[in-house]
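Each chain is listed here by its residues.
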Amino acid sequence: METVTAESPGRSGPAAFRTRLLARRPLAASAFELSLAKPAGFTFTPGQRVRVHHAEAARDYSIAAAPGEEIIRLCLRRVATGGLSARLAEIPLGAELVFTGPHGYFTFQASARPAVFAATGTGVAPFCAMAAAGVSGFILLHGVAAQEELFYGDLLREKAAAYVPCLSGGRAAAAGHYRGRVTDYLRAQLPAGAYDFYLCGRQEMIRDATLLADERFPGSLVFSEVFY
Amino acid sequence: MKIYTGSGDRGKTSLFSGERVAKDHERIEAYGDLDELNSVIGALAASLPHPAEGVRPELEAAQAVLFEIGAWLATSPGSAAAGLLPPVDPQAAAALERSIDRMDAALPSLGGFILPGGSPAGSWAHLARTVCRRVERRVVRLAAAQAATPGDESMQRSIVYLNRLSDYLFVLARHLNRIQGSAERLWKR
Ligand SMILES: Cc1cc2nc3c(=O)[nH]c(=O)nc-3n(C[C@H](O)[C@H](O)[C@H](O)COP(=O)(O)OP(=O)(O)OC[C@H]3O[C@@H](n4cnc5c(N)ncnc54)[C@H](O)[C@@H]3O)c2cc1C
């Protein structure tokens, strides 16, 4: 696995790497995990992402594995026919992929305040990387429409001080699950105080959670990664 | 990627270091002015006459340095996020000095205050210079408030860089006016 041309503009943009698809497994009806070979020389900080270039498309995906692992794990939702996520759901094992990276600054910064990790759907990916790399003691809110979408629950539950699945759809929530959106939980359940909020996934959740932080949790820090 | 998040609709925004601050916070004012400077340099680059094409890489290099300075301006001193930022490279100011000396060697000596203006590109360079001075004043104020905290070195280097960039833009304005045959007009009392 070698480095190909650094293609981003500017003085020292992230390098481009070639990799291979080693494995794919379903996580839920419309979500799946890709395992990519880690190219020599590629390093990253948990919370960072790669930009996968394939068939003239380029899309960002957060890395869901720790830097110490031998593979790069990505966690994807298949959102559209014809789009890159649909292609990646089908390309054969062994296929070559090119990515640039690492990109982004959505990394964990330890502080005296409790950390609240709030994700919608596949937005949980950067938190998996942080947890796998040893970050612990956070409050994790995972907003999903159905229980089967609570992927990576074992890893996250093990490292979290509180793991709160937030189910917005379907029937009454099971024990230990919160019935409602992530933002409903922040509005009605999270005790007042100052926190470090890490928000990842849907723009609407990030907007509403940020405005709630302004209103209910003054003195908090807000870091966000908008997927769409 | 979504351009808008909507989380600033009530007059607040996030610093790179995570704090939620009012949009007229001194840091936001500073990097807002820096953004203005970067855009004026973009307009300057767009107006370069053909014989001055060689200046373009210098302007693009300056724009890249301004992004790095902007990240420091958007970050509270001593925050964990400051540890993620590359330090401002002191060589960037040295490179400007070399360019200043190169252009200055071919210019007539200054006989007084010159009226800002001249050719379109020369006028953009003058405008960029004045915006650069405003950014410098803002950064000096911020640096005074955070002296002796981590990141202070990058703030000091930013001040040096902005000071040198203003000088560069002044000499560049004269250089562009000269190669376009636009005579300098001196201030007459
Ligand atoms: C910084 C960043 C990190 C990202 N990390 C991930 C990640 O780890 N996992 C991941 O699955 N996606 C992630 N995305 C989204 C990803 O880059 C693509 O947008 C997504 O895969 C859709 O691309 P597409 O070509 O298949 O479909 P497109 O035709 O480009 O998009 C179709 C529509 O799908 C919706 N959509 C996009 N992403 C999602 C999603 N994750 N869940 C639900 N709906 C979505 C949007 O409304 C979009 O307009 C990230 C995006 C950004 C900006």
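Rules used throughout
Residues numbered from 1 in each chain as written. Chains lettered and ligands numbered in written order. Predicted model: local features only at pLDDT ≥ 70, side-chain atom pairs only at ≥ 80, totals over all residues. Heavy atoms only, no water. Phe/Tyr/Trp six-rings, centres within 6.5 Å; stacked < 30°, edge-to-face > 60°. Patch = residues over 30% accessible without salt bridge, like charges linked within 9 Å, V, L, I, M, F, W, Y side chains within 5 Å. Areas by Shrake-Rupley, 256 points an atom, 1.4 Å probe, with all protein chains shown as cover. Salt bridge = Lys/Arg side-chain N within 4 Å of Asp/Glu carboxyl O. Helix = DSSP H or I, 4+ residues; strand = E, 2+ residues; numbered from the N terminus. Contact = heavy atoms within 4.5 Å. Buried area = accessible area lost by both parts, 1.4 Å probe. Polar contact = N/O pair within 3.5 Å; in protein donor to acceptor, adjacent residues only side chain to side chain. Nonpolar A, V, L, I, M, F, W, Y, C, P; charged D, E, K, R; others polar. Buried < 20%, exposed > 50% of the residue type's maximum accessible area, 1.4 Å probe, protein only. Near = heavy atom within 4 Å. Domains from an automatic or database assignment.

Help me out: how do you make sense of the packing of aromatic side chains in this one?
Remark: the centre distance and the inter-plane angle together describe each pair of aromatic rings, the angle taken between the planes. Under the definition given, this model contains 19 aromatic pairs over all chains. Members of the aromatic cluster, each reached through a chain of ring pairs, are Phe106, Phe108, Phe117, Phe127, Phe138, Tyr198 and Phe223 of chain A.

Help me understand a nonpolar patch on the surface, please; the structure alone is not making it clear to me.
Residues Phe113, Leu115 and Trp187 of chain B make up a contiguous nonpolar surface patch of about 360 Å² in total accessible area. Position of leucine 115 of chain B relative to the elements: it lies in the loop between helix 3 (91-104) and helix 4 (120-145).

Before we go on, may I ask you to explain the interface of chain B and chain A in this structure?
A common way to express how large an interface is: the accessible area buried when the components associate. The partner chain A presents 17 residues to the 20 residues of chain B that form the contact. Summing both sides of the interface, chain B and chain A together bury roughly 1700 Å²; the carbon and sulfur share of this comes to 59%. In this assembly, chain B and chain A are joined by two salt bridges. One salt bridge in this structure joins arginine 20 of chain B and aspartate 214 of chain A, with 2.8 Å as the shortest N-O distance. One can count four residue pairs in polar contact (both at pLDDT 80 or more) joining chain B with chain A. A total of three residues in the side of chain B that touches chain A trace back to one element, the largest contributor, which is helix 2 (residues 56-73) of chain B. Residue classes in the side of chain B that touches chain A are distributed as eight nonpolar, six polar and six charged.

Even after reading the chapter, I still don't get the environment of alanine 194 of chain A, so can you show me in this structure?
Residue and element names in this part refer to chain A. You can see alanine 194 is positioned in the loop between helix 4 (182-188) and strand 12 (196-201). Accessibility expressed as a relative area gives 28% for alanine 194, which makes it partly exposed. When neighbours within four sequence positions are excluded, alanine 194 is seen to be in contact with Arg113, Pro114, Pro218, Gly219 and Ser220.

Would you explain the site of the ligand in this entry?
By nearness alone, 18 residues border the ligand, and Asp60, Tyr61, Cys75, Leu84 and Ser85 of chain A come closest of all. Positioned at a junction of chains, the ligand has nearby residues supplied by chains A and B. The side chain of arginine 59 of chain A places a nitrogen or oxygen atom 2.8 Å from an oxygen atom of the ligand. Between the ligand and threonine 122 of chain A, the relevant distance is 3.0 Å, taken from a nitrogen atom to a side-chain nitrogen or oxygen of the residue. Here the ligand has 880 Å² of accessible area as a free molecule, and 78% of this is covered by the chains. Elements with a minimum of two residues in the shell around the ligand: strand 5 (57-62), strand 6 (71-77), helix 1 (84-88) and strand 13 (221-226) of chain A.

Would you mind showing me how to read the domain arrangement of chain A here?
Residue and element names in this part refer to chain A. When cut into domains, chain A gives domain 1 (3-103) and domain 2 (115-226). Between domain 1 and domain 2, the C-alpha centre-to-centre distance is 24 Å. Tallying the contact residues gives 21 residues for domain 1 and 14 residues for domain 2. Along the contact surface separating domain 1 from domain 2 lie two salt bridges. In this structure, glutamate 149 engages arginine 77 in a salt bridge whose closest nitrogen and oxygen atoms are separated by 3.3 Å. Linking domain 1 with domain 2 are four residue pairs in polar contact (both at pLDDT 80 or more), by the criterion used here. Contributions of two or more residues to the side of domain 1 that touches domain 2 are made by strand 2 (16-28), strand 3 (31-37) and strand 6.

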